[in-house]
Each structure stands twice: as C-alpha cells, then as structure tokens.
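Each chain, written out:
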Amino acid sequence: MTEKIIKLIDKLQASGSLTLDEYEILVANPTPEAVAYATERAVEVRKKHYGNKVFIRGLIEISNICKNNCLYCGIRGGNSECERYRLTPEQILSCCAEGYALGFRTFVMQGGEDAYFTDEAVCSIIKEIKEKYPDCAVTLSLGERSRESYQRLYEAGADRYLLRHETANPEHYAKLHPKEMSWHNRINCLHDLKEIGFQTGCGFMVGSPYQTNKDIARDLKFIEEFKPHMCGIGPFIPHKATVFADRPAGSAELTCYLLSIIRLIRPNILLPATTALGSIDGNGREKGILAGANVVMPNLSPADTRKKYELYNNKLYTNAESAQALDQLKSRMLSIGYEIVCDRGDAKTQI
Ligand code: SAH
C-alpha cells in the first residue's frame, strides 16, 4: 500500500490532480511513511515558492452577532448563552493602527452575519483603512452576501475574501447546517467572489461531525477545481452550547497531512496554520508550517472581546495567538527555521 501512496503523491506533485478515488485512498491511508513523504514533498514545493517566509495577517473579529445557526458554531444565532458584541468603526480602526505599528500589512475583518454591517457600513470602513494604510491588504470574512454586495465591497477596496465552503458534499452540508442554509448558495458566493476579482479563500473543518474520507476527498477535488487563492482548514472542535458538544474533535495530525496535500494540489496557495490547529495542539501552528502552510493569523481584536468570539471551546487568543505577542510568534517560527515577514503577503505567482 505504501508504495501505491507514494506513487499517488508523486502523481499529485507532478500534475496537481488526482481522481476522487485516488484522493480517497490518500486520505484513508495516513501511514507514517505516507505522511512523511507528503510532508517532505509539500515543504519542497512551499520552499520553491515562498522560501522560509511566513506571512502574517491581523485578525479583527468585528462582531459575534449572527443570524445563522450553523450547528457546530459557538456564536450561532440560537446560542442564548453567548454574550454578544459588535466593534464600532473607531474600534476597528484602532485595531488597524495598533496592528500597523506592530508590522501587520494585511487586516482581516471577520464576523458573524450581523445586519448592522450593511454594504454602506463595511465600505466606509474599508475606504478608511485603505486611505490610512494604502500599503495594506484588506481581507473580509463576513459570510454570504449578494453578488452586488460583494461587488460594492470590492470596489470600496477590499482585496481578499474568505468564505469556507465547509464541505463539498451537499448532503454533508445539510447535516451541519439548518435547512434554511443552502450549500448551493455558499458555492455560488464563492464563484461570485472569484469572478468579481477577489483573491478568494475556501476551506473546511477536519473531523467535522458525519465527515467521511470520501467527503474529504471531495473537498480536495473541489480545491483542485475551484482553484482558490487561499484555503483555511482546521480541526473541528466542539462547543458546549451546540448539538455537537459531545462529538470528538478533529485531529491535528490529519489536518497537517491535508495541509501537505493541499500544498501539492496548488503550489502557490496561501495556506494558514489556523487558530483551531494551534488550539488543539500546543505546537499546532509550528506543525502546520512544517507541513507546508505559509500564513499565520494572530488575533488583533480588542482584548476584552476576544473571549466572546468563541467559535469553539478553548479557542486560543493569548500568547503567540495574540498580535501583541508577535515577538513570541517570531521566535517560535525562527526556532523551526522560518521567518515572519511584514508585507502584504500576496500569492507569489499568478494563480
Ligand atoms: N460568518 C463567517 C465567519 C465564520 S467563522 C462565515 O460564514 O464565513 C470562520 C470559520 O470558523 C467557519 O467557516 C468554520 O469553518 C470555523 N468554525 C466554526 N465553528 C467551529 C468549530 N466548532 N470548530 C472548528 N472550526 C469552527
């Protein structure tokens, strides 16, 4: 079997493509030899495009108010135990000022689907950030909106948009979301974003409830075909106020193996070692980088709101996860041979 897996990894590196069945074989057989080989190849590819550089993004969690009820998510609208907050434009701008001084050149505004953040409200914040910091990229992660809305945000100056597809299997999607939410709409949003010109990011949780190896294979095929500029994956971690409270978390090992595979599918993709990976494993961020990731997204939100953006239990928001502790993150990256750089961190070559 190992020989077969090695051949598949070589094929993936050479062509960036496998069949659905082949992806499933890879996913189902994370033997130590397969993982070691995939890691080695992924790091080789990563170094060819990005050397030992790690890009940083300042993550600003602008609101935990959400109209949706994603079954896995701690800030879903139906969670009455969640203490809600929303940052003012002034607070968001002051996060950017602090981040800029620390060396961040990308600001990511992420939040629940909060009706307060109309196109007008978001566009005005984007314009202000871009005016003050023309050398910075603005990334949005504000969920599903209309094509017209995305167009306005783009015209206001936003550069990138993250919208995880969550799962490439519509039936699996239906088990993770209430019936009002539609897989087709989410996928259409991703296509709209890309057509409009955003650097677009998709992604999924590893080990989410009901996820099968075939589902993960479909996620990989989706990434191959959709050709995103970015891809965020992290382990599913249960939240006590959700129906999935007692479900097991996804594993850091499988997440890292999948990071390597995604790097081989799209050599110059922007691939973060996510907060969820750092939360499930004390060295998750380092392991993610060593598996082929090239981005980290420390938290720039105001200290008193961080705890409230609780997507899952035990989410990290201090130490190397905190933008203010960038020095600590820098030295942790140096200790594994990688260097944090302070630039916008766009994808290196045309995707
Ligand atoms: N409202 C935005 C941002 C969602 S939060 C949007 O819809 O895109 C960002 C990501 O966190 C989600 O896309 C989801 O994949 C992840 N997430 C949510 N709950 C989680 C959990 N319990 N464990 C791990 N990741 C989770």
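Here the structure is a predicted model, which means the values were calculated and not measured. (Residues numbered from 1 in each chain as written. Predicted model: local features only at pLDDT ≥ 70, side-chain atom pairs only at ≥ 80, totals over all residues. Heavy atoms only, no water.)

### Quick look at the sheet that holds strand β9 (residues 339–341)
Taken in spatial order, the three strands line up as β8-β1-β9 in an open sheet, and their pairing is parallel. This sheet does not close on itself; its edge strands, each paired only once, are β8 (295–296) and β9. Sitting on the sheet, helix α14 (residues 326–335) is in contact with β1 (53–56), β8 and β9, with an inclination near 135 degrees to β9. (Pairing = 2+ DSSP bridges. Helix = DSSP H or I, 4+ residues; strand = E, 2+ residues; numbered from the N terminus. Contact = heavy atoms within 4.5 Å. Axes fitted to C-alpha atoms, helices over the stretch in contact; angles between N-to-C directions.)

### Here we look at helix α9 (residues 213–226)
A rise of 1.5 Å per residue sets the reference length of α9, with its 14 residues, at 20 Å; its end C-alpha atoms lie 20 Å apart and thus fit the reference within 8%. Taken residue by residue, α9 has D215, I216, A217, D219, L220, K221, F222, I223, E224 and F226 as its buried positions. A positive phi of about 55 degrees marks K227, the residue just after α9. (Expected span 1.5 Å × (residues − 1). Buried < 20%, exposed > 50% of the residue type's maximum accessible area, 1.4 Å probe, protein only.)

### Observations concerning the site of the ligand
If you check the shell around the ligand, you find 17 residues, and the closest are Y72, G111, R164, E166 and I237. Within the contact set of the ligand, an oxygen atom lies 2.5 Å away from a side-chain nitrogen or oxygen of E166. Side-chain polar atom of R186 to an oxygen atom of the ligand: 3.2 Å apart, as the coordinates give it. For the ligand, the protein covers 92% of the area, taking 550 Å² as the surface of the free molecule. A per-class count over the shell around the ligand returns ten nonpolar, four polar and three charged. (Near = heavy atom within 4 Å. Polar contact = N/O pair within 3.5 Å; in protein donor to acceptor, adjacent residues only side chain to side chain. Areas by Shrake-Rupley, 256 points an atom, 1.4 Å probe, with all protein chains shown as cover. Nonpolar A, V, L, I, M, F, W, Y, C, P; charged D, E, K, R; others polar.)

### Details of the environment of E224
Of note, E224 is situated in helix α9. We classify E224 as buried; its relative accessible area is 11%. When the C-alpha positions of E224 and D281 are compared, they lie 28 Å apart, and in sequence the two are 57 residues distant. Residues in contact with E224, not counting those within four places in the same chain, are G16, S17, L18, Y23 and I265. A distance of 2.6 Å separates polar atoms of two side chains, one belonging to E224 and the other to Y23.

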